[in-house]
Amino acid sequence: MRLGEVLSLAAGHLGKTSETARLDAELLLAYALGRTRIELYTDFDRPLDEFELAAYRALVARRARHEPVAYILGEWGFRRLTLYVDRRALIPRPETEIVVERCLARLRGLVEPTVLDVGTGTGAIALAIADEHAGAQVTAIDLSTSALELARENAEHLSLAMELLEHDLRNGLPGGPYDLVVSNPPYVEPSDLDTLLPDVRDYEPHVALVGVGATEAIARAACDVLRPGGWLVLEVGDGQASQTLGRLAALGYGDGTITLDLTGRERVVEGRR
Ligand SMILES: C[S@@+](CC[C@H](N)C(=O)[O-])C[C@H]1O[C@@H](n2cnc3c(N)ncnc32)[C@H](O)[C@@H]1O
């Protein structure tokens, strides 16, 4: 069977379970053949041998069982970085790239600003800030020892420096004073867990998804560790932005702003101590 034909068959099969079937099929085939996606298009008529077909079939079968492509590939792009990803931590999302964008805007012009990332997971936010703001002194915390292990592996392979601490945000926030505290906290209500796609619900760590009161706890605790004039930048769930903005105002934060994600949903809330 030729490459183009195999790709169409796989995309058709994955279409039953994935909204991004064609993209998934291409990413998995490129991975199986050790090529880039673009190279697939220059090789459309090439026949695949039985070993290549068997390897590809195994990957497509995993995806058909809802395993996220990022976990199958073992790496995922986030801003300028390629991060290792696996089931130890949440897969970084495109909306979180906007969170980083907002942090960089708040840090602009500061020499060696201090930054705390609360619930770092793969280290995505912390590492992107370290990468894109020269001199940033980044500390990242997480409750999950396995997520911290993965974040450390990412920092090492990217040769980016950050301090990693195992810490539960419910005990307040460590260190400081910081110029900026950022978090993409778990914000799914426990009662909504069953409404999530199986790709998310059955594969990503529940500690990264479900959290009651984490956003409020971070906003309260950040008051104690932010420098006067320092910024709190929070990712929130769809529909949670105005309520979060109100809570920040009640806690004494000023200059509240909401930023939309690329699909027009209100997903980032900021306030100034
Ligand atoms: C939504 S994930 C965000 C991961 C990463 N920052 C990102 O944006 O891709 C939330 C993270 O918070 C961590 N977490 C959950 N509860 C926590 C707590 N009580 N204290 C510290 N970290 C916590 C989880 O382990 C998870 O890594």
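This one's a predicted model, so the numbers in the text were calculated from it and none came from an experiment.

Conventions and cut-offs
Residues numbered from 1 in each chain as written. Predicted model: local features only at pLDDT ≥ 70, side-chain atom pairs only at ≥ 80, totals over all residues. Heavy atoms only, no water. Helix = DSSP H or I, 4+ residues; strand = E, 2+ residues; numbered from the N terminus. Rg over C-alpha atoms; globule rule 2.2 N^0.38 Å. Buried < 20%, exposed > 50% of the residue type's maximum accessible area, 1.4 Å probe, protein only. Contact = heavy atoms within 4.5 Å. Areas by Shrake-Rupley, 256 points an atom, 1.4 Å probe, with all protein chains shown as cover. Lys, Arg positive; Asp, Glu negative; His and termini not counted. Charge placed at Lys NZ, Arg CZ, Asp CG, Glu CD. Domains from an automatic or database assignment. 1 Å grid on protein atoms, 1.4 Å probe; cavity = no way out; pocket = protein on both sides within 12 Å on 5 of 7 lines; lining within 4 Å. Points joined across faces, edges and corners; volume = space filled by probe spheres on them. Nonpolar A, V, L, I, M, F, W, Y, C, P; charged D, E, K, R; others polar. Near = heavy atom within 4 Å. Phe/Tyr/Trp six-rings, centres within 6.5 Å; stacked < 30°, edge-to-face > 60°. Lys NZ or Arg CZ within 6 Å of the ring centre and 35° of its normal. Disulfide = S-S within 2.5 Å. Expected span 1.5 Å × (residues − 1). Salt bridge = Lys/Arg side-chain N within 4 Å of Asp/Glu carboxyl O.

**Quick look at the overall build of the chain**
The helix and strand inventory of the chain stands at 12 helices and 9 strands. Its C-alpha atoms give the chain a radius of gyration of 20 Å, near enough to 19 Å, the size a compact globule of 273 residues would have. Projected onto its principal axes, the C-alpha positions of the chain cover 65 × 40 × 30 Å. Relative to its full complement of 273 residues, the chain shows a buried share of 49%. Considering only contacts within the chain whose residues lie at least 6 apart along the sequence, 64% involve residues at least 24 apart. For the chain, the computed accessible surface area is about 12800 Å², with 51% contributed by carbon and sulfur atoms. For the chain, the separation between the mean place of its 28 positive charges and that of its 42 negative charges on side chains is 2 Å.

**Overview of the domain arrangement of the chain**
Taken domain by domain, the chain consists of domain 1 (3-65) and domain 2 (87-272). Computed from C-alpha coordinates alone, the two centres of domain 1 and domain 2 are separated by 35 Å.

**Overview of the layout of surface pockets**
Each pocket or cavity is described by its volume, and for the second largest pocket that value is around 280 Å³. If you go around the second largest pocket, you meet 15 residues; those closest to its centre are Thr-215, Glu-216, Gln-240, Gln-243 and Thr-244. For the lining of the second largest pocket, the secondary-structure elements that each account for two or more residues are helix H11 (214-225) and helix H12 (241-250). Class assignment of the residues belonging to the lining of the second largest pocket gives a composition of 6 nonpolar, 6 polar and 3 charged.

**Quick notes on the site of the ligand**
Close contacts around the ligand come from 19 residues, with Gly-119, Asp-142, Asp-168, Leu-169 and Asn-184 the closest. Considering the ligand on its own, with 590 Å² of exposed area, one finds that the protein chains cover 95% of that surface. In terms of residue class, the shell around the ligand is made up of 9 nonpolar, 7 polar and 3 charged.

**A look at the packing of aromatic side chains**
All chains considered together, the criterion is met by 1 aromatic pair. Aromatic pair Tyr-41 and Phe-44: ring centres 5.1 Å apart, planes at 25°, arrangement stacked. With relative accessibility at 29%, the residue Phe-44 sits in the partly exposed group. When the ring centre of Trp-231 is taken as origin, the NZ or CZ atom of Arg-106, which lies over that ring, is 3.6 Å away.

**Re the state of the cysteines**
Under the definition given, this model contains 0 disulfides. The closest cysteine sulfur to the non-disulfide-bonded Cys-103 is located on Cys-223, 17 Å from its own sulfur.

**Observations concerning H11**
When the terminal C-alpha atoms of H11 are compared, their 16 Å separation across 12 residues agrees well with the 16 Å that a helix rising 1.5 Å per residue should span. For H11, the set of buried residues is Ala-214, Thr-215, Ile-218, Ala-219, Ala-221, Ala-222, Cys-223 and Val-225. As for H11, its buried residues are in contact with strand E3 (114-118), strand E6 (178-183), strand E7 (226-235) and H12.

**Here's the deal with the pattern of salt bridges**
Evaluated as defined, the whole model comprises 27 salt bridges. Across the salt bridge formed by Glu-95 and Arg-267, the nearest N and O atoms sit 3.7 Å from each other. A residue pair is termed long-range when its members are at least 10 positions apart, and Glu-95 in helix H6 (residues 94-107) and Arg-267 in strand E9 (residues 266-272) qualify at 172 residues. A relative accessible area of 15% means that Glu-95 is categorised as buried. By relative accessible area, which is 4% here, Arg-267 ends up buried. In this structure, Glu-235 and Arg-267 form a salt bridge, with 3.5 Å as the shortest nitrogen-oxygen distance.

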